[in-house]
Amino acid sequence: KAGVTQTPRYLIKTRGQQVTLSCSPISGHRSVSWYQQTPGQGLQFLFEYFSETQRNKGNFPGRFSGRQFSNSRSEMNVSTLELGDSALYLCASSPQAGGLNYGYTFGSGTRLTVV
Amino acid sequence: SQQGEEDPQALSIQEGENATMNCSYKTSINNLQWYRQNSGRGLVHLILIRSNEREKHSGRLRVTLDTSKKSSSLLITASRAADTASYFCATDQGSNYQLIWGAGTKLIIKP
């Protein structure tokens, strides 16, 4: 079966712009989580959606937002981009909230570079 | 803040040798998961071990869990060049449906 699909794979944006990243989970998975990964901060949890509801949110500013659609596809949006937002953004899906019991299946990520 | 702490931060061994990396955590957990990440790619789920389990195997991987010491180890036997990756542990604290991740161990297998 198809894995977790993230688009686009690479993105270059200018400071002040906004960006939208997309994630299609594995069919049947209702939980989608987003992570930011940087060399300095490691893997940082952004938020999780389960059945269109945000279940959890990490410690990120309000410029970072997300949503989940009825087909479980999810998008995350970052407004007013800063240089520090340059990172690999990873999406992960799971049958249950929080990756409990089954673990997460990750996508290949979107590499965002802010210039 | 991250609950899991992997040790060592980096490990370099010869192909064919065994690699052991450790994960410590601070609070009670329901389960602990290990993931592998090849350079710049997504993470791959390796093993999930529940708090009432002490050891689990998957191919060349062996995971142990010691809840009294709040620690886990991942052993990769007969390492191969393809095992070169970063390895992360993640713990499930239970009530808030959120995994807590360690900083990872970077494993390099030399040919």
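Now for a look at the structure at hand. Owing to the predicted nature of the structure, the values given are computational and were not obtained by experimental measurement.

Let us now look at the overall build of chain A. Scanning chain A from N- to C-terminus turns up zero helices and 11 strands. Scanning chain A from its N terminus toward the C terminus, one meets helices and strands in the order β-β-β-β-β-β-β-β-β-β-β. Radius of gyration (C-alpha) of chain A: 13 Å, near the 13 Å computed for a compact globule of 115 residues. Across chain A, every contact between residues at least 6 apart in sequence was considered, and the portion connecting residues at least 24 apart equals 54%. When the accessible surface of chain A is totalled, it reaches about 5,200 Å², and 46% of it is carbon and sulfur. Charge centroids of chain A, computed over 11 positive and 5 negative side chains, lie 4 Å from each other.

Further remarks concern the environment of S108(A). Mapped onto the elements of the fold, S108(A) is located in the loop between β10 (105-106) and β11 (110-114). Taking the relative accessible area as the measure of exposure, S108(A) reaches 24% and is therefore partly exposed. Residues S108(A) and S33(A), 75 residues apart in the sequence, show an inter-C-alpha distance of 13 Å. Aside from chain neighbours lying at most four places away, what touches S108(A) is Q6(A), R9(A), L88(A), L90(A), G40(B), R41(B) and G42(B). For S108(A), the side chain forms a polar contact with the side chain of R41(B), separated by 3.5 Å.

So, about the packing of aromatic side chains. Scanning all chains against the criterion turns up 10 aromatic pairs over all chains. Ring centres of Y35(A) and W101(B) lie 5.6 Å apart, and the angle between their planes is 80°; this geometry places the pair in the edge-to-face category. In this pair, Y35(A) is assigned in strand β4 (residues 31-38) and W101(B) in strand β10 (residues 99-101), connecting two distinct chains. Judged by its relative accessible area of 0%, Y35(A) falls in the buried class.

This part takes up the state of the cysteines. With the rule as written, the count across this model stands at two disulfides over all chains. Sulfur-sulfur distance for the disulfide between C23(A) and C91(A) comes to 1.7 Å. Linking C23(A) and C91(A), the disulfide has an S-S dihedral of approximately -55° and is accordingly described as left-handed. Taken together, the positions of C23(A) in strand β3 (residues 19-24) and C91(A) in strand β9 (residues 87-94) put the pair 68 residues apart, joining distant regions of the chain. The exposure classification of C23(A) matches that of C91(A), with both residues buried. Each sulfur of the disulfide joining C23(B) and C89(B) lies 2.0 Å from the other. Taking the sign of the S-S torsion, 65° for the link of C23(B) and C89(B), the bridge is right-handed. Pair noted here: C23(B) is in strand β3 (residues 19-24) and C89(B) is in strand β9 (residues 85-92), with a separation of 66 residues, a long-range link. A relative accessible area of 0% places C89(B) in the buried class.

On to the side chain of S33(A). All names here are of chain A. Relative to the helices and strands, S33 is located in strand β4. For S33, a relative accessible area of 0% corresponds to the buried category. Other than its neighbours up to four places away in sequence, S33 contacts F45, F47, E48, L90, C91, A92 and Y104.

Residue and element names in this part refer to chain B. A sheet is described by the order of its strands in space; here five strands give the open sequence β1-β3-β8-β7-β6, paired in antiparallel fashion. Only two strands of the sheet have a single neighbouring strand rather than two, namely β1 (5-7) and β6 (55-58). The average angle at which neighbouring strand axes cross in this sheet is 15°, direction not considered.

On to the sheet that holds strand β7 (residues 64-68) of chain A, then. Strand pairing in a sheet relies on backbone hydrogen bonds. The paired strands run either parallel or antiparallel. All names here are of chain A. Spatial strand order, β1-β3-β8-β7: four strands in an open sheet with antiparallel pairing. Bordering the open sheet on either side are β1 (5-7) and β7, each of which pairs with just one other strand. Each strand of the sheet is rotated relative to its neighbour by a mean of 15°, with strand direction disregarded.

Parameters at a glance
- Residues numbered from 1 in each chain as written.
- Chains lettered and ligands numbered in written order.
- Predicted model: local features only at pLDDT ≥ 70, side-chain atom pairs only at ≥ 80, totals over all residues.
- Heavy atoms only, no water.
- Helix = DSSP H or I, 4+ residues; strand = E, 2+ residues; numbered from the N terminus.
- Rg over C-alpha atoms; globule rule 2.2 N^0.38 Å.
- Contact = heavy atoms within 4.5 Å.
- Areas by Shrake-Rupley, 256 points an atom, 1.4 Å probe, with all protein chains shown as cover.
- Lys, Arg positive; Asp, Glu negative; His and termini not counted.
- Charge placed at Lys NZ, Arg CZ, Asp CG, Glu CD.
- Buried < 20%, exposed > 50% of the residue type's maximum accessible area, 1.4 Å probe, protein only.
- Polar contact = N/O pair within 3.5 Å; in protein donor to acceptor, adjacent residues only side chain to side chain.
- Phe/Tyr/Trp six-rings, centres within 6.5 Å; stacked < 30°, edge-to-face > 60°.
- Disulfide = S-S within 2.5 Å.
- Pairing = 2+ DSSP bridges.
- Axes fitted to C-alpha atoms, helices over the stretch in contact; angles between N-to-C directions.

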